Amino acid sequence: MRVLIGVLVLGCCAWQTRTRLEDWRSDEALWTAAVAVAERSPRARLNLAVALERRSAFDEARAAAQTAARLAVNQGDVDVAQRADRLLIWLAMAQDSSCASDSPC
Amino acid sequence: MLTYAHSLTGGFVYEDARADAAPLVLTAPTWNIAPRWLTGQTYAWTTTLWDASPMAARVVSLAWHLLNGVLLWLVARAVVTDAAATFAAGVFLLHPIQTEAVASIAYRSDLIAACVLLVALACAMRGWLIPAFVIAMGAVLGKQMGVMAVALVPVALTVTRSPHWTPTARAYWLAAGFSALLLLLDHSRGMFFQRPEDMSLSIASGVALLARMPVPFGLSIEHDWAAFTPMAACAVVILAAGVLETAWRWRSRVALGLMAWIAVAWLPRVVWQLGEGLHERHLYVPMIAASVALGAALFPKGAHA
């Protein structure tokens, strides 16, 4: 019986570890998982926005950065609020330059 | 190995790109010994002898984790049954809370400090106390907090009632440990003590992480510590004190030993200003004792599988 419990516990651990390792394959996967667990964390939202921006997913990145900025202001996290604002400006510039090269925008 | 194999093809993630951790930056092995020297060298030698790719770095981190599992099994066999030691090593290797320390290349320092601690424990369990002390001091070459190995070895010897832990040995260890503490204080002059509210946050986040050990779901790099109000932190601390009192009343050596191990391992993180709360990777050393305690509970001496 003890051996059965032991094998069951180790099996559950192995399964859960395998699932958790998916989060550590890329920045986007890591911060998507972080946002799912810590919805009120502005830092997780900001890091997700940065990861999305690297993939040129500007619309999703902007939405994540806006939420990060709002949460940071509500929680008095000045550092994250400033970084989110800077990212939003950068995203607007990046999207403007892509609009200028690709038409219609 | 099979469980972790899937993660080996991932890229550099989050703090892996940090200057002191990135294998791409640190390419030259050096003999300039300093705290974290061994950790830095593992990055440098991986790049020099193999590759600067994330896969190479992830394989090396996994190898350290597997080595720690074997060392834990060897140490645990000296104090618990073979079945308990095997189960403890299995839990230590496969528990999901270990993924942060193993999968992130930047947190290899925790694996190396734990490895040195386990070697020191193995020596101490055999009565080789002088080599054990020297090796325990060497844990700072993994990371600065590894210095707590000097205090964790006596905790293990006391809990396991080692015959080698004589009053004379205790006196010498205490004197040498005090010298080590003075060295640490000298080295950490730039650090400051945490404010009481930050200390309570560290304790509360630590207890919240411990609560995730038996039910390891919803793990994340970004725990929302902001959700912890001072009131919640106080409630958690009172709860922890209640558990401690119950263990003391029951005279449970395993439970008390486990709590002492965790308290000693986390003491610097609670006292000094080292960042925001505790994270999953900081459970790597506490998991050594937790795994053995769990093994001892499931396969006690005298019980038949």
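This section reports on the structure supplied with the text.

Conventions used here
- Residues numbered from 1 in each chain as written.
- Chains lettered and ligands numbered in written order.
- Predicted model: local features only at pLDDT ≥ 70, side-chain atom pairs only at ≥ 80, totals over all residues.
- Heavy atoms only, no water.
- Helix = DSSP H or I, 4+ residues; strand = E, 2+ residues; numbered from the N terminus.
- Contact = heavy atoms within 4.5 Å.
- Areas by Shrake-Rupley, 256 points an atom, 1.4 Å probe, with all protein chains shown as cover.
- Rg over C-alpha atoms; globule rule 2.2 N^0.38 Å.
- Buried < 20%, exposed > 50% of the residue type's maximum accessible area, 1.4 Å probe, protein only.
- Lys, Arg positive; Asp, Glu negative; His and termini not counted.
- Charge placed at Lys NZ, Arg CZ, Asp CG, Glu CD.
- Expected span 1.5 Å × (residues − 1).
- Buried area = accessible area lost by both parts, 1.4 Å probe.
- Salt bridge = Lys/Arg side-chain N within 4 Å of Asp/Glu carboxyl O.
- Polar contact = N/O pair within 3.5 Å; in protein donor to acceptor, adjacent residues only side chain to side chain.
- Disulfide = S-S within 2.5 Å.
- Patch = residues over 30% accessible without salt bridge, like charges linked within 9 Å, V, L, I, M, F, W, Y side chains within 5 Å.
- Core = buried A, V, L, I, M, F, W, Y, C linked by side-chain atoms within 4.5 Å.

## Thoughts on the overall build of chain B
When helices and strands are counted, chain B shows 13 helices and zero strands. In sequence order, chain B lays out its α and β elements as α-α-α-α-α-α-α-α-α-α-α-α-α. For chain B, long-range pairs separated by at least 24 residues make up 74% of all intrachain contacts whose partners lie at least 6 apart in sequence. In the structure as shown, chain B presents an accessible area of about 13900 Å², 72% of it carried by carbon and sulfur atoms.

## Concerning the overall build of chain A
Each helix and strand in chain A was counted, giving five helices and zero strands. Along its sequence from the N terminus, chain A presents helices and strands in the succession α-α-α-α-α. Here the C-alpha radius of gyration of chain A, 19 Å, is well above what a compact globule of 105 residues would show, namely 13 Å. Dimensions of chain A along its principal axes, counting C-alpha atoms only, are 70 × 35 × 15 Å. Among the 105 residues that make up chain A, the fraction classed as buried is 42%. Pairs at least 24 residues apart make up 48% of the contacts formed inside chain A by residues separated by at least 6 positions. With the model as given, the accessible surface of chain A reaches about 5900 Å², and the carbon-plus-sulfur share is 58%. Across chain A, the 13 positively charged side chains and the 13 negatively charged ones have centroids separated by 9 Å.

## Concerning helix 2 (residues 37-49) of chain B
Residues and elements named next belong to chain B. Taking 1.5 Å of rise per residue, 13 residues should cover 18 Å, and helix 2 covers 18 Å from first to last C-alpha, within 8% of that figure. Listing the buried residues of helix 2 in full gives Trp37, Thr39, Gly40, Gln41, Thr42, Tyr43, Ala44, Thr46 and Thr47. Against helix 3 (54-77) and helix 6 (108-125) lie the buried residues of helix 2.

## Some points on the interface of chain B and chain A
Contacts between the two partners involve 42 residues from chain B and, on the opposite side, 30 residues from chain A. Interface of chain B and chain A: buried area, both sides summed, is about 3200 Å²; carbon and sulfur atoms make up 63% of it. Three residues, His6, Tyr14 and Glu222 of chain B, lead the burial of chain B against chain A; their summed loss comes to 20% of the area buried on that side. Between the two partners, chain B and chain A, sit one salt bridge. As a salt-bridge pair, Glu280 of chain B and Arg20 of chain A come within 3.1 Å of each other at their nearest N and O atoms. For the pair chain B and chain A, the interface holds eight residue pairs in polar contact (both at pLDDT 80 or more).

## Looking at the state of the cysteines
Counted according to the given criterion, the structure contains zero disulfides over all chains. With no disulfide partner, Cys13 of chain A has as its closest neighbouring cysteine sulfur the one in Cys12 of chain A, 7.2 Å distant. We note that Cys115 of chain B lacks a disulfide partner, and the nearest cysteine sulfur, in Cys123 of chain B, lies 12 Å from it. By relative accessible area, Cys115 of chain B is classed as buried at 7%.

## What about the pattern of salt bridges?
As enumerated under the stated definition, the model contains ten salt bridges over all chains in all. With a closest N to O distance of 3.3 Å, Asp27 of chain A and Arg54 of chain A form a salt bridge. Of this pair, Asp27 of chain A sits in helix 2 (residues 27-37) while Arg54 of chain A sits in helix 3 (residues 42-54), and the two are 27 residues apart along the sequence. By relative accessible area, Asp27 of chain A is classed as buried at 17%. For Arg54 of chain A, a relative accessible area of 60% corresponds to the exposed category. The salt bridge partner of Arg55 of chain A is Glu60 of chain A, with a shortest N-O separation of 3.7 Å. Ionic contacts of the salt-bridge type, sharing partners, join the residues Arg20 and Asp23 of chain A together with Glu280 of chain B into one network.

## Remarks on a nonpolar patch on the surface
Residues and elements named next belong to chain A. A contiguous nonpolar patch, built from Met1, Leu4 and Ile5 and spanning about 340 Å² of accessible area, is present on the exposed surface. Position of Leu4 relative to the elements: it lies in helix 1 (residues 2-21). A relative accessible area of 58% places Leu4 in the exposed class.

## Some remarks on the nonpolar core
Residue and element names in this part refer to chain B. Residues Leu117, Leu121, Val153, Trp173, Trp261 and Ile288 are the most contacted members of the largest nonpolar core, which totals 99 residues. By residue number, the principal contributor to this core is helix 6, which donates 13 residues. Not counting chain neighbours up to four residues away, the residues in contact with Trp261 comprise Leu117, Leu121, Leu152, Val155, Ala156, Val285, Pro286, Ile288 and Ala289.

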